[in-house]
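Close look at the chain arrangement
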Amino acid sequence: DTAVSQTPKYLVTQMGNDKSIKCEQNLGHDTMYWYKQDSKKFLKIMFSYNNKELIINETVPNRFSPKSPDKAHLNLHINSLELGDSAVYFCASSQDSWGGGAYGYTFGSGTRLTVV
Amino acid sequence: AQRVTQPEKLLSVFKGAPVELKCNYSYSGSPELFWYVQYSRQRLQLLLRHISRESIKGFTADLNKGETSFHLKKPFAQEEDSAMYYCALKSGSARQLTFGSGTQLTVLP
């Protein structure tokens, strides 16, 4: 029973397209995150939601828009995809809204996005 | 601003040898520090956290505030330890973890 699940696992699409990545957690956590892992394996926070409220919005292009219909779901929609958006996108959740506190994050398995 | 530095992108050791993965951080307050591990084709998972002072899979990490370091150590590396290791920091007021750039550990037979 997967704790944090992301779909799809792989996504190959052309430049200019619009795509969405979905994330769901069944842990009852209040906070969810999107991280981007670039080609050099560097992980960078993009967004965070606490109980459907946006609490972290790092400097990302406004082509990226997160949506949280409820606290168990955090989706990422990307408009007008560019080559530089190619990366692995990780969803994560935590019990609290303060960076995971003593328990850290639970990560999804990642979505590998390739823009051609 | 908080920052995590992992100076080694790649680290190779032989099976049975000691291993140390370095992590330095910059933060003036009292940090919370974590090590995450990502095995090949698997998700990132929490390995250990400094406040619990635990040993997981033979790994330990000690917070050294004087040197602002949180190095990960294991006395005898195993081939199954081969993975990507990330050090992560949470400062008092921040609402997210800041990750280092990761160290790819390869344990050779």
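Residues numbered from 1 in each chain as written. Chains lettered and ligands numbered in written order. Predicted model: local features only at pLDDT ≥ 70, side-chain atom pairs only at ≥ 80, totals over all residues. Heavy atoms only, no water.

In this section: the nonpolar core. All names here are of chain B. Core analysis: the largest hydrophobic core is formed by 24 residues, its most contacted members being Trp-35, Leu-72 and Tyr-85. Mapped by element, the contributors of at least two residues to this core are β2 (10–14), β3 (19–21), β5 (32–38), β6 (45–49), β9 (83–90) and β11 (103–108). With four residues, β9 is the largest single contributor of residues to this core. Once residues within four sequence positions are removed from consideration, Tyr-85 is found in contact with Gln-6, Leu-21, Trp-35, Tyr-36, Val-37, Leu-47, Phe-59, Leu-72, Gly-102, Thr-103 and Leu-105. (Core = buried A, V, L, I, M, F, W, Y, C linked by side-chain atoms within 4.5 Å. Buried < 20%, exposed > 50% of the residue type's maximum accessible area, 1.4 Å probe, protein only. Helix = DSSP H or I, 4+ residues; strand = E, 2+ residues; numbered from the N terminus. Contact = heavy atoms within 4.5 Å.)

Right, let's talk about the confidence of the model for chain A for a bit. When pLDDT is averaged along chain A, the result is 89; 93% of the residues meet or exceed 70. For chain A, the element scoring lowest by mean pLDDT is strand β6 (residues 53–57) of chain A, at 80; strand β3 (residues 19–25) of chain A scores highest, at 97. (pLDDT = per-residue confidence, 0-100.)

Moving on to the side chain of Gln-37 of chain A. Mapped onto the elements of the fold, Gln-37 of chain A is located in strand β4 (residues 31–37). In terms of polar contacts, Gln-37 of chain A uses its side chain to reach the side chain of Gln-38 of chain B, at 3.5 Å. Residues in contact with Gln-37 of chain A, not counting those within four places in the same chain, are Phe-42, Leu-43, Ala-87, Val-88 and Phe-90 of chain A together with Gln-38 and Tyr-86 of chain B. (Polar contact = N/O pair within 3.5 Å; in protein donor to acceptor, adjacent residues only side chain to side chain.)

So, on to the interface of chain B and chain A. On the chain A side, the residues contacting the 22 residues of chain B number 26 residues. In total, chain B and chain A occlude about 2,000 Å² of area from one another, counting both sides; carbon and sulfur atoms represent 57% of this. Three residues, Arg-43, Arg-95 and Phe-99 of chain B, lead the burial of chain B against chain A; their summed loss comes to 36% of the area buried on that side. Between the two partners, chain B and chain A, sit nine residue pairs in polar contact (both at pLDDT 80 or more). Of all elements in the fold, only β5, β6 and β9 of chain B reach the threshold of two or more residues within the side of chain B that touches chain A. Looking at which element gives the most residues to the side of chain B that touches chain A, the answer is β5 of chain B, with four residues. For the side of chain B that touches chain A, a count of residues per class yields ten nonpolar, five polar and seven charged. (Buried area = accessible area lost by both parts, 1.4 Å probe. Nonpolar A, V, L, I, M, F, W, Y, C, P; charged D, E, K, R; others polar.)

According to the stated counting rule, one finds two disulfides over all chains in the structure shown. Each sulfur of the disulfide joining Cys-23 of chain A and Cys-91 of chain A lies 1.9 Å from the other. Taking the torsion about the sulfur-sulfur bond, which here is approximately -80°, the covalent link between Cys-23 of chain A and Cys-91 of chain A counts as left-handed. Remark: Cys-91 of chain A occurs in strand β9 (residues 87–94) and Cys-23 of chain A occurs in strand β3; sequence separation between them is 68 residues. Exposure class is identical for Cys-23 of chain A and Cys-91 of chain A. Each is buried. Here Cys-23 of chain B pairs with Cys-87 of chain B through a disulfide, and the sulfurs are 2.0 Å apart. Linking Cys-23 of chain B and Cys-87 of chain B, the disulfide has an S-S dihedral of approximately -65° and is accordingly described as left-handed. Remark: Cys-87 of chain B occurs in strand β9 and Cys-23 of chain B occurs in the loop between β3 and β4 (24–26); sequence separation between them is 64 residues. With respect to class, Cys-23 of chain B is no different from Cys-87 of chain B; both count as buried. (Disulfide = S-S within 2.5 Å.)

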